[in-house]
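Listed below, chain by chain, are the residues.
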Amino acid sequence: MQKKLSDEDIQRLLSEGDHLEALDKAANPEEVAAYSVLFEVLAEGSTSFEQSEALEEKIMAKISPQSKARWWSFENIAWVLAICTFISITILLLGVLPKHIIENLIAGPLLPLVAFTGGTVMFFQWWSKKWMTKIKKPSSD
Amino acid sequence: MLDERKIVARVLQGDQDAFRVIIRTHQRLVMHVLLKLIPVAEDREELYQDIFLQVHQRLGAFRFQSKLSTWIAQIAYNMSLNYLRKKRIPISWELSDDIFSGKNETYSRGEDEAPDVLLEQEELKSFIQQNIEQLPARYKTILTLYHIEDMSYKEIGQALKMPEGTVKNYLFRARKLLKDSILKAQQNGNFLFE
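Residues numbered from 1 in each chain as written. Chains lettered and ligands numbered in written order. Predicted model: local features only at pLDDT ≥ 70, side-chain atom pairs only at ≥ 80, totals over all residues. Heavy atoms only, no water.

## Observations concerning the layout of surface pockets
Residue and element names in this part refer to chain A.
- If you add up the space inside the largest pocket, you get close to 1,000 Å³.
- Around the largest pocket, the lining is made up of 29 residues, and of these Phe86, Thr90, Thr117, Thr120 and Val121 lie nearest the centre.
- Elements with a contribution of two residues or more to the lining of the largest pocket: α5 (74-96), α6 (99-107) and α7 (110-140).
- Ranked by residues supplied to the lining of the largest pocket, first place goes to α7 with 13 residues.
- Residues that form the lining of the largest pocket fall into these classes: 21 nonpolar, six polar and two charged. (1 Å grid on protein atoms, 1.4 Å probe; cavity = no way out; pocket = protein on both sides within 12 Å on 5 of 7 lines; lining within 4 Å. Points joined across faces, edges and corners; volume = space filled by probe spheres on them. Helix = DSSP H or I, 4+ residues; strand = E, 2+ residues; numbered from the N terminus. Nonpolar A, V, L, I, M, F, W, Y, C, P; charged D, E, K, R; others polar.)

## Re the packing of helix α3 (residues 29-44) of chain A against helix α6 (residues 121-134) of chain B
- Relative to each other, α3(A) and α6(B) sit at 70°, their axes nearing to 10 Å. Comparing the axis directions of α3(A) and α6(B) gives the class roughly perpendicular. Between α3(A) and α6(B), the contacting residues are Val37(A), Leu38(A), Glu40(A), Val41(A), Leu42(A) and Glu44(A) on the first element and Gln121(B), Leu124(B), Lys125(B), Ile128(B), Gln129(B) and Ile132(B) on the second.
- A class-by-class count of the residues in the contact of α3(A) with α6(B) yields seven nonpolar, two polar and three charged. (Axes fitted to C-alpha atoms, helices over the stretch in contact; angles between N-to-C directions. Parallel < 35°, antiparallel > 145°, perpendicular 65-115°, else oblique. Contact = heavy atoms within 4.5 Å.)

## Let's talk about the interface of chain A and chain B
- Listed as interface residues are 33 residues of chain A and, on the opposing side, 36 residues of chain B.
- Contact between chain A and chain B buries roughly 3,300 Å² in total, counting both sides, with carbon and sulfur atoms accounting for 67%.
- Connecting chain A to chain B are seven salt bridges.
- Taking the shortest distance from any N to any O, the salt bridge between Arg24(B) and Glu56(A) comes out at 2.8 Å.
- Where chain A packs against chain B, one counts 10 residue pairs in polar contact (both at pLDDT 80 or more).
- Listed by contribution, the elements that provide at least two residues to the side of chain A that touches chain B are α1 (7-16), α3 and α4 (52-63) of chain A. (Buried area = accessible area lost by both parts, 1.4 Å probe. Salt bridge = Lys/Arg side-chain N within 4 Å of Asp/Glu carboxyl O. Polar contact = N/O pair within 3.5 Å; in protein donor to acceptor, adjacent residues only side chain to side chain.)

Quick look at the structure:
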C-alpha cells in the first residue's frame, strides 16, 4: 500500500540511506525525487582546490622558525642611525648656538623642552613602527 | 586513521611535517566553509592561510574536548564571520519562507518558449547550488558540514556553538525550503525529474 511520506520521513530515510524501498513506494514521488536531487547536490561539494598546494607552502613558510635575531638587522640599523643623528644634531647645536641661549634654555623652559623631546621621540617610534609594518607586508607573502 | 594526540604533540614539538599532515587532512573542510561564506576568491585564499596560521598558533590550547576537525571548523567559521564583519559584507541570519522567490521567477519559462525546453540535469544542479548560496551563513555552513564533511549534529553544534536541536532544526528547514523551491520550479515547467 502506498503511503505519503512526510518531509521528516524523507529527510531521515535519505540521510540514513536506509529503507530506500519505502521511498520508492511513497505516494508522493515528486517530493521524494526533489529531495533525492537535493541530497545528491548537497553531497557533491566543490572541487576547486587547485591552489591548495601553493597555499600550503605559503603557510609553511610563515610558520617556519624565524632566523636568529641579528644586531645588524635593518630595523636595528635604522634605530642606531636615528639615535646617532639625534646626538650629532644636539652636539652641533650646542657648538653653534651662543652660550647665553643654551644657558637660558636650560634655566628657563627645561621642562617643556624635555616634554617636547619625549613627545617627538614617541611620535617617531609610533611612526617607525607603522612604516616598518608597511614595508614588511609584501615580503611576508 | 589520524592519531590526533600524536600529531598535535609532534606539531607542538616543532615538527613541521606533522603540521603539513593537519593542513592536508583539514584543507577540504576549511575550503568548504570558506566557499560557502566568503564570496571573493582572493579573500578566501588569504583567509585560508590565516585560519591555518591561527590553528598553528593556538594548537597548544587545544584540549581534545572535541575532534580536531570540529575545533578547526569552529576557527574557520568564526574567522570567516569576523572577516565578513570587518569588510562590512552583510551577513544574513534568518531564513524566510520566500528566500528563493526572486530566483524562481528568474527560472520561470517564458510564454513564447517551446514547452519542451527543459533544464538539463546539470542546470537543475546549478539551480539548486544557486539557491544554497542564497541561504543565510549558518544554514549554508550546517548543510556543508553535515552533507560534505559528514559531521554529526553534536560536532556541528560544537563548531558553531549552538545546541544539537537547533542544528537539526536548521538543517530540516533549509532542506525543506530547498525542496519546495525545486518543486516550485518543476510546477513552473522548468524541468522534469528523471
